[in-house]
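Next come the chains, spelled out residue by residue.
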Amino acid sequence: MKQSKYYFFLFAVITISIFARFFSLQNQSLWFDEGWSLALSDATSLQENFHKIVNREAGDKYQPLYYLILFYWRSFFGESEFAIRSLSALLGVGSVIIVYFTCLNIYGKKHAFWSSLILAVSSFSVFYSQDARPYSLLIFIASLQIYFFSNSLKDDKNNKIISQVFFGIFTAIGTFGSVLTMMFTSAFYISHAIVYRNFKEWLRWLIPSVIFSLPMIWFYLSSPAASDPTATAVTRTGLPIIQNIMFVIYGILVGTSYGPPLEELRGDNKIDILLSYWPHFLIFFIIITVIIIALVKSFLRQSKKRSYQRADYFFTLILTSSFLLNLLFAIFTKINWLPRHSFYLCIPLFILIPSAFLHNYQAQNEEGQSQIDILSKFAKIATICLVIMNVYSNFNYYLDPIYGKDDYRSAVHYLIKNRDASAKSVLLLGQIRLFKYYGDSSTLYIPPYILKTVKGKNLGEKINTATNNTNTVFLIINREFYWELKDKFKTQMSELYTLENEESFRYVKIYRFRSNK
């Protein structure tokens, strides 16, 4: 009976994770960043693909693994939205399974069920499991790293040797997947040094990882970003770092579709919008506070199950040290620090949360024991609420268009339907690869750096030159809030054109202009 119950829970968690990641997988259009995934995996050979990635001076240069895998994935499974995203979905399911067996190995069946359930419904994980971007792959590798490194908590030396080798292998794969993996890996060594204070064993974990990772370490150190991190083309932060910190914690715990849609927070009234969601944030604050207090109290009390408590200390150190290293990286590089840049934090965090109520570390007196029992019950209720909050966040993402991705699919279909042979369309800001993907190879791509070289004193004259005096012009702008001409372009166009119509799709706007001549 016990074995049947164990297999039932495992089957239930895997089923939930599969459903959450494959439900409506192709419902939304591919968006801007996914367009880069297509562009960087377009090639006739692996060598050509790799050359294209490493010669791009942007953040993608330092996470090449996903695009190389996607290159082969597309060749085997096709070009549909479902096929392209299914790689991330499968890796997301794999992460849930690995976390289950990690916790089973260290804590037992109940803990394994809760940690894997939290990850299975995690809105953060589900979003990137439905996104043709590297982050689901990186979370999967991070879960493998923590699985093998967690064997350092055991006394079996033979098992440790095997784990040390495999940890080194997956660390090397992880560094090939993203430079950010180096910070997560460093957190393992910091945590091991603090918990064990055994220099020889510490070296046994360190040396295989360094040896296997040497090619990528050399690549990073020899790149321009090593001497000038701001030279790499990434989105720079314009926010106080405290706002980035709060957004990272919030995004990892409940996803970005739990509270207000991000697009609504780009205007001048964002404070009013945030205040209108005060019940969401109050519930979030209460739930997280209860879980944190319960965890802290359990850490401060002596446990009869010392192996559990040592594991909790270990994962807590990994979580906090990797978070602090990520913070230093954000400050040093001035990157716009987002939840996805801290992808690895979700693994140790979700492993830790059930410890707030499962292991019930007790004080030596009955009064203290009673207090802990009550707090454990509240922590369990809070964890159930956290699961429900993530389910709610997922359904917002699945079903509510205001939480959707850039709608290139609808924008291209509109152009094809409404653009006659005499009209021309110009993409001024966006991802031209997605226009070709959805069947439009006629749209001209004139991004800001090329627009500056086109003859004309303002946008109207430049568009007139670029389109050879075409009578009707469609201007397409993706994420207009980033465009430096967003408040000026209509005025500049009005000297030569009349605005006839404008259509809005999710994060994409199309303006139809007719020549005044």
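Residues numbered from 1 in each chain as written. Predicted model: local features only at pLDDT ≥ 70, side-chain atom pairs only at ≥ 80, totals over all residues. Heavy atoms only, no water.

A. Expanded view of the overall build of the chain. The number of helices and strands found in the chain is 23 helices and five strands. Here the C-alpha atoms of the chain give a radius of gyration of 25 Å, agreeing with the 24 Å that 2.2 N^0.38 yields for 517 residues. Projecting the C-alpha coordinates of the chain onto the three principal axes gives extents of approximately 90 × 50 × 45 Å. For the chain, the residues scored as buried account for 55% of the 517 residues in total. Taking all contacts inside the chain whose residues are at least 6 apart in sequence as the whole, residues at least 24 apart take part in 74%. Of the roughly 23700 Å² of accessible surface on the chain, 64% is carried by carbon and sulfur atoms. For the chain, the distance from the average position of its 50 positive side-chain charges to the average position of its 34 negative side-chain charges is 7 Å. (Helix = DSSP H or I, 4+ residues; strand = E, 2+ residues; numbered from the N terminus. Rg over C-alpha atoms; globule rule 2.2 N^0.38 Å. Buried < 20%, exposed > 50% of the residue type's maximum accessible area, 1.4 Å probe, protein only. Contact = heavy atoms within 4.5 Å. Areas by Shrake-Rupley, 256 points an atom, 1.4 Å probe, with all protein chains shown as cover. Lys, Arg positive; Asp, Glu negative; His and termini not counted. Charge placed at Lys NZ, Arg CZ, Asp CG, Glu CD.)

B. The pairing of strand E4 (residues 497-505), seen in detail. Across eight bridges, E4 lies against strand E5 (residues 508-515) in antiparallel orientation. The partner of Tyr 497 across the bridge, within E5, is Ser 515. Hairpin connection from E4 to E5: two residues lie between these consecutive antiparallel strands, with Tyr 507 at a positive phi of about 65°. (Pairing = 2+ DSSP bridges.)

C. Geometry of the environment of Lys 110. Checked against the element boundaries, Lys 110 lands in helix H6 (residues 109-121). On a C-alpha basis, the gap between Lys 110 and Tyr 6 in space is 9.1 Å, while along the polypeptide they are 104 residues apart.

D. Spatial organisation of the pattern of salt bridges. All told, the structure shown has 14 salt bridges when counted by the stated rule. Across the pair Asp 131 and Lys 405 runs a salt bridge whose closest N-O atoms are separated by 3.3 Å. In this pair, Asp 131 is assigned in the loop between helix H7 (123-129) and helix H8 (135-149) and Lys 405 in the loop between helix H18 (366-399) and helix H19 (408-418), connecting sequence segments 274 residues apart. Summarising the burial analysis for this pair, Asp 131 and Lys 405 share the class buried. A salt bridge links Arg 506 to Glu 263; its shortest N-O distance comes to 2.5 Å. Of this pair, Arg 506 sits in the loop between E4 and E5 while Glu 263 sits in the loop between helix H13 (241-254) and helix H14 (270-276); the two residues are 243 residues apart in sequence, bridging distant segments of the chain. (Salt bridge = Lys/Arg side-chain N within 4 Å of Asp/Glu carboxyl O.)

E. Spatial organisation of a nonpolar patch on the surface. Residues Ile 161, Ile 162, Val 165, Phe 166, Ile 169, Ile 173, Ile 207, Ile 211 and Phe 212 make up a contiguous nonpolar surface patch of roughly 740 Å² in combined accessible area. Within the residue set of the nonpolar patch, elements represented by two or more residues are helix H9 (157-177) and helix H11 (199-221). Take the nonpolar patch: its biggest share by element is six residues, from H9. Assignment of secondary structure puts Ile 161 in helix H9. (Patch = residues over 30% accessible without salt bridge, like charges linked within 9 Å, V, L, I, M, F, W, Y side chains within 5 Å.)

F. Structural context of the environment of Asn 396. Following the sequence through the fold, Asn 396 ends up in helix H18. The spacing of Asn 396 and Ser 123 is 273 residues in sequence and 9.8 Å in space, taken between C-alpha atoms. Not counting residues within four places of it along the chain, the set of residues in contact with Asn 396 comprises Ser 257, Tyr 258 and Tyr 403. Within the structure, the side chain of Asn 396 is placed 2.9 Å from the backbone oxygen of Ser 257, a separation counted as a polar contact. (Polar contact = N/O pair within 3.5 Å; in protein donor to acceptor, adjacent residues only side chain to side chain.)

G. Local environment of the sheet that holds strand E2 (residues 444-445). Strand order across the open sheet formed by five strands is E2-E1-E3-E5-E4, with mixed pairing between neighbours. Of all the strands in the sheet, the pair left with one neighbour each is E2 and E4.

H. Structural detail: unusual backbone geometry. Not every positive phi belongs to a glycine, and Ser 24 is a case in point at roughly 55°. In this structure, Ser 24 sits in the loop between helix H1 (2-22) and helix H2 (32-40).

I. Helix H4 (residues 65-77), seen in detail. For H4, spanning 13 residues, the distance from its first C-alpha to its last is 18 Å, which sits close to the expected 18 Å at 1.5 Å a residue. Among the residues of H4, those classed as buried are Leu 65, Tyr 66, Tyr 67, Leu 68, Leu 70, Phe 71, Trp 73 and Arg 74. Directly beyond the C-terminal end of H4, a positive phi value near 100° is found at Gly 78. (Expected span 1.5 Å × (residues − 1).)

J. Molecular detail of the pairing of strand E3 (residues 472-478). Burial runs high along E3: seven of the seven residues are buried. Residues of E3 alternate between two faces, with Thr 472, Phe 474, Ile 476 and Asn 478 on one and Val 473, Leu 475 and Ile 477 on the opposite face, all of them buried. Pairing geometry for strand E1 (residues 424-429) and E3, over five bridges, is parallel. By the bridge assignment for E3, Leu 429 is matched with Ile 477. Taken together, the seven bridges between E3 and E5 define a ladder with antiparallel strand orientation. Of the residues in E5, the one forming a bridge with Leu 475 is Tyr 511.

K. The confidence of the model for the chain, seen in detail. Here the chain averages 89 in pLDDT, and 92% of its residues register 70 or above. Overall, residues 361-370 carries pLDDT values under 50, and its contacts beyond four positions in sequence, including any with other chains, amount to 17 contacts. (pLDDT = per-residue confidence, 0-100.)

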